[in-house]
2 protein chains.
Amino acid sequence: MKVSALGEFGLVRLFAEMVTRSRNKKVDSWQKLIIGIGDDCAAWRGDDAIQLAHVDSLFQNIHFTLETTPWRALGWKSLAVSVSDIAAMGGVPAYALVSLTLLDDNEVDDVEALYQGMIELADRFGIAIIGGDTGRASVVSITITVFGSMKGRRQEAMLTRSAARAGDKIAVTGYLGGAAGGLEMLTGKLKPDNGSASQLRQAFLQPLPRVPEGQVLVAQGVRAAMDISDGLISDLAHICEASKVSARVNTSLVPVHPAVKANFGERALELALSGGEDYELLFTAPEPVIDKVKQKLSCPVTIIGEILSGEPGEIRLVDSAGKPYNLPKKGWEHFKS
Amino acid sequence: MKVSALGEFGLVRLFAEMVTRSRNKKVDSWQKLIIGIGDDCAAWRGDDAIQLAHVDSLFQNIHFTLETTPWRALGWKSLAVSVSDIAAMGGVPAYALVSLTLLDDNEVDDVEALYQGMIELADRFGIAIIGGDTGRASVVSITITVFGSMKGRRQEAMLTRSAARAGDKIAVTGYLGGAAGGLEMLTGKLKPDNGSASQLRQAFLQPLPRVPEGQVLVAQGVRAAMDISDGLISDLAHICEASKVSARVNTSLVPVHPAVKANFGERALELALSGGEDYELLFTAPEPVIDKVKQKLSCPVTIIGEILSGEPGEIRLVDSAGKPYNLPKKGWEHFKS
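For every chain, the first residue of its written sequence is number 1, and the numbers climb from 1 along that sequence. Whichever chain is written first is A, and whichever ligand is written first is 1; the rest continue in order. Local features are withheld for residues below a pLDDT of 70 in this predicted model, meaning they are given only at 70 or higher, and side-chain atom pairs are given and counted only at 80 or more; totals for whole chains, interfaces and linings count all residues.

(A) Looking closely at the overall build of chain A. Looking only at helices and strands, chain A features 12 helices and 12 strands. Here chain A has a C-alpha radius of gyration of 20 Å; the compact-globule value for 337 residues is 20 Å, and the two agree. Considered along the principal axes of its C-alpha atoms, chain A spans approximately 65 × 50 × 35 Å. Here chain A holds 337 residues, and the buried ones make up 55% of them. The long-range fraction of contacts in chain A, counting pairs at least 24 apart against all pairs at least 6 apart in sequence, stands at 85%. Numbering of helices and strands runs from the N terminus; a helix is a DSSP stretch of H or I covering at least four residues, while a strand is a stretch of E covering at least two. Throughout, radius of gyration means the C-alpha value; the globule benchmark is 2.2 Å times the number of residues raised to the power 0.38. Residues with at least 20 neighbouring C-beta atoms inside 10 Å of their own are called buried, those with 12 or fewer are called exposed, and the rest are partly exposed, where every C-beta is derived from the backbone. Placing a C-beta atom from the backbone of each residue, one calls two residues in contact when those atoms lie within 7 Å.

(B) Main features of the packing of helix α4 (residues 71-87) of chain A against helix α5 (residues 108-124) of chain A. All names here are of chain A. Contact geometry of α4 with α5 gives a least axis separation of 6 Å together with a crossing angle of 40°. In this view, α4 runs oblique relative to α5, as classed from their interaxial angle. The two elements α4 and α5 meet at a crossing, and its hand is right-handed. Along its contact with α4, which presents W71, R72, A73, L74, G75, W76, S78, L79 and A80, the element α5 presents D110, A113, L114, Y115, Q116, G117, M118, E120, L121 and A122. Of the residues that constitute the contact of α4 with α5, the class distribution is 12 nonpolar, four polar and three charged. To define axes, lines are fitted to C-alpha atoms, for helices over the stretch in contact only, and angles between the resulting N-to-C directions are given on a 0 to 180 degree scale. Oblique is the label for every angle not falling under 35 degrees (roughly parallel), over 145 degrees (roughly antiparallel), or within 65 to 115 degrees (roughly perpendicular). By convention, the crossing between two helices is left-handed when the near helix turns anticlockwise from the far helix through less than a right angle, and right-handed when the turn is clockwise. We call Asp, Glu, Lys and Arg charged. Ala, Val, Leu, Ile, Met, Phe, Trp, Tyr, Cys and Pro are nonpolar, and the rest, Gly among them, are polar.

(C) Geometry of the sheet that holds strand β5 (residues 128-136) of chain A. Only strands that DSSP links by at least two bridges are regarded as paired with each other. One open sheet holds the six strands; their spatial order is β5(A)-β4(A)-β6(A)-β3(A)-β2(B)-β1(B), and the pairing between them is mixed. Two strands bound the open sheet, and with one partner strand each, they are β5 of chain A together with β1 (33-35) of chain B. Neighbour to neighbour, the strand axes of the sheet diverge by 20° on average, direction disregarded. Where strand β4 (residues 92-102) of chain A lies against β5(A), eight bridges are found, and the strand directions are parallel. Its bridge partner being in β5(A), Y95(A) is matched across the sheet by A128(A).

(D) Local environment of the sheet that holds strand β6 (residues 141-150) of chain B. One open sheet accounts for six strands, arranged β1(A)-β2(A)-β3(B)-β6(B)-β4(B)-β5(B); its pairing is mixed. Among the strands making up the open sheet, the edge pair consists of β1 (33-35) of chain A together with β5 (128-136) of chain B. Taking each pair of neighbouring strands and ignoring which way they run, the sheet shows an average axis angle of 20°. As paired strands, strand β4 (residues 92-102) of chain B and β6(B) are joined by nine bridges and run antiparallel to one another. The residue of β6(B) that forms the bridge with Y95(B) is F147(B).

(E) Looking closely at unusual backbone geometry. Positive phi, normally seen in glycine, also occurs at Y279(A), with a value near 55°. On the secondary structure map, Y279(A) appears in the loop between α11 (268-274) and β10 (281-285). If you check the backbone angles, E277(B) has positive phi at about 65° while not being a glycine. By secondary structure assignment, the location of E277(B) is in the loop between α11 (268-274) and β10 (281-285).

(F) Representation of the pairing of β4(B) in the model. Most of β4(B) is tucked away: 11 of the 11 residues are buried. A right-handed crossover is one whose linking path, passing over the helix from the first strand to the second, runs clockwise when the strands point away from the viewer. Between β4(B) and its parallel partner β5(B), the chain crosses via helix α5 (residues 108-125) of chain B, and the hand of that crossover is right-handed.

(G) Region of interest: the domain arrangement of chain A. Residue and element names in this part refer to chain A. For the domain bounds, the source is a domain assignment made automatically or taken from a database. In terms of domains, chain A is made up of domain 1 (3-155) and domain 2 (159-318). Here the C-alpha centre of domain 2 lies 26 Å away from the C-alpha centre of domain 1. Of the residues lining the interface, 17 residues belong to domain 1; the matching set on domain 2 comes to 20 residues. With nine residues, the single largest contributor to the side of domain 1 that touches domain 2 is α4.

(H) Just the packing of helix α2 (residues 8-21) of chain B against α5(B), in detail. Residues and elements named next belong to chain B. Relative to each other, α2 and α5 sit at 30°, their axes nearing to 11 Å. Considering the relative orientation of α2 and α5, their crossing is right-handed. Taking contact as the criterion, the partners of L11, L14, F15, M18 and V19 in α2 are, on α5, V111, E112, Y115 and I119.

(I) Molecular detail of the environment of V318(B). Mapping V318(B) onto the fold places it in strand β12 (residues 315-318). Excluding residues within four positions of it along the chain, V318(B) makes contact with R248(B), N250(B), T251(B), K323(B), P324(B) and Y325(B).

(J) Region of interest: helix α6 (residues 178-186) of chain B. Residues and elements named next belong to chain B. In terms of residue burial, α6 counts as a mostly covered element, since eight of its nine residues are buried. Every buried residue of α6 is accounted for by G178, A179, A180, G181, G182, L183, E184 and M185. Contacts from the buried residues of α6 go to α7 (194-205), α10 (258-264) and α11. Among the residues trailing α6, G188 stands out with phi positive, at a value near 85°.

(K) Structural context of the confidence of the model for chain A. When the pLDDT values of chain A are averaged, the result is 89; 95% of them are 70 or greater. Confidence metrics for the complex model read pTM 0.88 and ipTM 0.86. Per-residue confidence from the predictor is reported as pLDDT, a score between 0 and 100.

(L) The nonpolar core, seen in detail. Within the largest apolar cluster, 216 residues are counted, with the highest numbers of intra-cluster contacts made by A96(A) and A96(B). Aside from chain neighbours lying at most four places away, what touches A96(B) is L79(B), A122(B), I127(B), I129(B), I130(B), I144(B), T145(B) and V146(B). In this usage, the nonpolar core is the set of buried Ala, Val, Leu, Ile, Met, Phe, Trp, Tyr and Cys residues whose C-beta atoms join them within 7 Å.

(M) Broad picture of the environment of W44(A). Assignment of secondary structure puts W44(A) in strand β2 (residues 42-45). When the 24 C-beta atoms within 10 Å are taken as the criterion, W44(A) is described as buried. Sequence spacing of W44(A) and G131(A) is 87 residues, and the spatial spacing of their C-alpha atoms is 12 Å. For W44(A), the residues in contact, after removing those within four places along its chain, are K32(A), L33(A), I34(A), Y95(A) and Q51(B).

(N) Structural context of the pairing of strand β7 (residues 169-173) of chain A. Residue and element names in this part refer to chain A. Across the five residues of β7, four count as buried, placing the element largely inside the fold. Judged from the four bridges that link them, β7 and β10 form a sheet pairing that is antiparallel. In the sheet register, A171 faces β10, and the bridge partner there is F283.

(O) Broad picture of the environment of L102(A). When you line up the elements, L102(A) lands in strand β4. Once residues lying within four places of it in the same chain are set aside, the contact partners of L102(A) are V3(A), V111(A), R136(A) and V140(A).

In structure tokens, the structure reads:
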């Protein structure tokens, strides 16, 4: 059935039914929910926590193509990227609003798969999808706003971009370059071995936001963090600019994704440094704090360099011998060619 | 200067500067703001109120054209339509997130005008614009999420679509059909007299969300309301469906916009019934409650019919003689042709 046959209100009813079916009465955000899909606004009981909100838009043929990203994965990923931003503040996600545009001839089955993917991610993190809008446009687009909160009102506990200090070490969770490697595989530029293929596919299509890991960072006293969406170096530059510090990264320490290392040869490091979309946490803290974080987390935590005073925003890359390393491309930016 | 020359981060900096300049330290939402544009999330101190959130997307050549809607008006209107939804719940808007897509060759001056229009509306209602994202796409689009709250946690006080009861009278604020008339004028289908021209232009390009009016409705005990965006009859049907009631509207009572009445002859009533985008409040309540609302509001409040039991969602239109009135087109719905 075509979207045009179901109509806007039919679609909204479909989404409302799917979301209602997915409701988990044990989850706090559903318990506090007063009004979800179907009225002018979504409403829930507030509390004394700091409230967090984030919005992200994904547009067809800009952020994704339907050739490389199946609808279900698109749903998962479009919510995951916003949840990742809540995680990177040290918050816990609670609610999401979904604004969707579709073409007249999109298949309802596909749109249902999209919502199913979102619901799976939402379920995993106890998020209630509470509304949004649905319209017609010349491209498929998904804009998701996620609301979350931090326990208590201690604003000092938040993980911000502006809290890096000279003397901090720079660390990342997990492995880098997997999403960029996955995209190259899905566009047919690479034929990896079977074991790598599923890892790379997962890294690009189903990133897992580091929500519990963000909580551990807060608990252990980390102050500066963000998620890696544009690429390690580009995002580190954001932290350095906001914190008015510079950074030195030892490229030999960067945790390149094993499947990328196995399949991309000399280009592996470049993908890890500037590939983007890994949604790992990039953070800075004194070394003893990072040591405590390592003990508490089951995922890899790797120190890759240090924060220095000096030219704000400047990133120096060096190899294991301390020699300068030149990066062809820093990361993703809209409008710049 | 072209958007492509400024770059994404240049645009974000521009928006951040514009918003920072517009900051009003006396406004509660700014006082409570912890982090605005420039980090992963926006954050503010919560309180014990009910929190409200709403998202709306406007797409070029679907919801607006740049031929009929100047950039500044587009900014005003794109925020106004979401604020109107907060008003229609009886809430007070507080924060907005703006997700924007632009073409490479959009002019920065135009984009600045867009933001200026948003800031003007935000200023008027004490709203802090606290973040969002900006990307490149094949069309201009604006997705705005607005957060608001209701004083206290009394969920019974909220204005919902599902609270209409048989025996209630149906009322609207202001005049209807002005926005649809304005659009016909701006597309060149109508050449009105000079006095009408500015009124129609204002009605289409600069709707004023009924925020204080929504507060009066709550204070006087109204329970069922929504804003008129799709068209009076279409939106009344939403209320009737959600409340499982039917409605009878006396078309001779509908407050047709004076400039529409003066310029559209026989079509005036049709524009008022199904034109949409007027952003007036449509509400139902026992007649004594509506009388109290009338006394408290300076804008027109007109009773146009009554809520009946019977087929849920059914709307019967009658003329002053009680004879059935047939409406050619009910209202706006995406995907339906």
